[in-house]
Amino acid sequence: HETLPEILRRFRYRSGGFFTRAVFFIDRARFEPYLRTGYGFDLARIEYETPASERVAQTIEFLEKQRAEKRLALTWTHFFEPHEPYDPACTRFGSSDEQRYDCEIAAVDEALGALFAWLDAELPDAIVVLFADHGEEFGDHGGRYHGTTLYDEQVRVPLAIRVPGVAPGTVPEPVGLVDLVGTLLSLLELPVPARVRSRDLSPLIAGARAPDHAAFAEGEGSLMVVRGGLKL
């Protein structure tokens, strides 16, 4: 399948990806071909344990260069801090695993504040998507870490989309990360390739309601569907 950077390249977008080799580690055999090509990014900075503040600096540098060259641009900036092994030096909330995890989240939050301030000042028309790929379990259902169950602490993640000109709001319907590609292409008024299986969430962003909208997930030997307030 084409990745989003590869799709956007056809429409003269330049793309930058800033992420760790640990991305998709569990499914490494399936994703190795994508990793070898940097997931299709024109610039791929694949580094391990790069601090959030440095990731933000890399992102701003890339965007400034594209703006100077009058190019459309996409970036994906991945922050590895909220993840085990938890930083032993990150103890502003305490020294337990959960408190150090919270400290890592706070560090990313501060870095994002700097990035968002720059975007507001320099690229106010940018579409911004903030999301996580998984949550973390601290004994909620007798387990630890992630990728082991379909309980909410592992699969219900933050998702925020800033679209210029659209008033802030909350979407009550459950949605899936698989729908981000279709949504972004729709917001950019670009065609969605026939092989892309991704719904357009822009009507929900604009305030439409879809009570039958469902979200799905699966794990080893487990399947999940969520619709409204019901989860099976």
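Residues numbered from 1 in each chain as written. Predicted model: local features only at pLDDT ≥ 70, side-chain atom pairs only at ≥ 80, totals over all residues. Heavy atoms only, no water.

Peer 1: Any details on the state of the cysteines? Residues and values, ideally.
Peer 2: Inspection of the entire model under this criterion finds 1 disulfide. Each disulfide pairs two cysteine sulfurs, and for Cys-90 the partner residue is Cys-103, the sulfurs being separated by 2.0 Å. Negative torsions about the S-S bond denote left-handed disulfides, and the value of about -85° found for Cys-90 with Cys-103 makes this one left-handed. Of the two residues, Cys-90 is situated in the loop between strand 3 (72-77) and helix 4 (97-122) and Cys-103 in helix 4; the sequence distance between them amounts to 13 residues. Relative accessible area serves as the criterion here: at 11%, Cys-90 is assigned to the buried category. Residue classification places Cys-103 among the buried positions, given a relative accessible area of 2%. (Disulfide = S-S within 2.5 Å. Helix = DSSP H or I, 4+ residues; strand = E, 2+ residues; numbered from the N terminus. Buried < 20%, exposed > 50% of the residue type's maximum accessible area, 1.4 Å probe, protein only.)

Peer 1: Before we move on, can you summarise unusual backbone geometry with the specific residues and values?
Peer 2: A cis amide bond links Glu-84 to the next residue, Pro-85, at an omega of 0°. Looking at the secondary structure, you find Pro-85 in the loop between strand 3 and helix 4. The backbone of Glu-49 shows a phi angle near 55°, a positive value even though the residue is not glycine. By secondary structure assignment, the location of Glu-49 is in the loop between strand 2 (43-46) and helix 3 (52-68). Even without glycine at this site, Lys-70 takes up a positive phi of about 55°. You can see Lys-70 is positioned in the loop between helix 3 and strand 3.

Peer 1: So what's going on with the sheet that holds strand 2? Residues and values would help.
Peer 2: Strand order in the open sheet formed by 3 strands is 2-1-3, and the pairing between neighbours is parallel. The two strands at the open ends of the sheet, each matched to only one other strand, are strand 2 and strand 3. Neighbouring strand axes in the sheet, compared pairwise and without regard to direction, differ in orientation by 5° on average. As judged from the 4 bridges shared by strand 1 (residues 13-19) and strand 2, these two strands associate in the parallel manner. By the bridge assignment for strand 2, Phe-19 is matched with Ile-46. (Pairing = 2+ DSSP bridges. Axes fitted to C-alpha atoms, helices over the stretch in contact; angles between N-to-C directions.)

Peer 1: I'd like to hear about the sheet that holds strand 8 (residues 214-219), residue by residue, with values.
Peer 2: Taken in spatial order, the 3 strands line up as 8-9-10 in an open sheet, and their pairing is antiparallel. Every other strand in the sheet has two partners, leaving strand 8 and strand 10 (230-231) as the edge strands with one partner each. For strand 8 and strand 9 (residues 222-227), the ladder comprises 6 bridges, and the chain directions are antiparallel. Within the sheet, the bridge partner assigned to Ala-215 lies in strand 9 and is Val-226.

Structural measurements only, silent on function.
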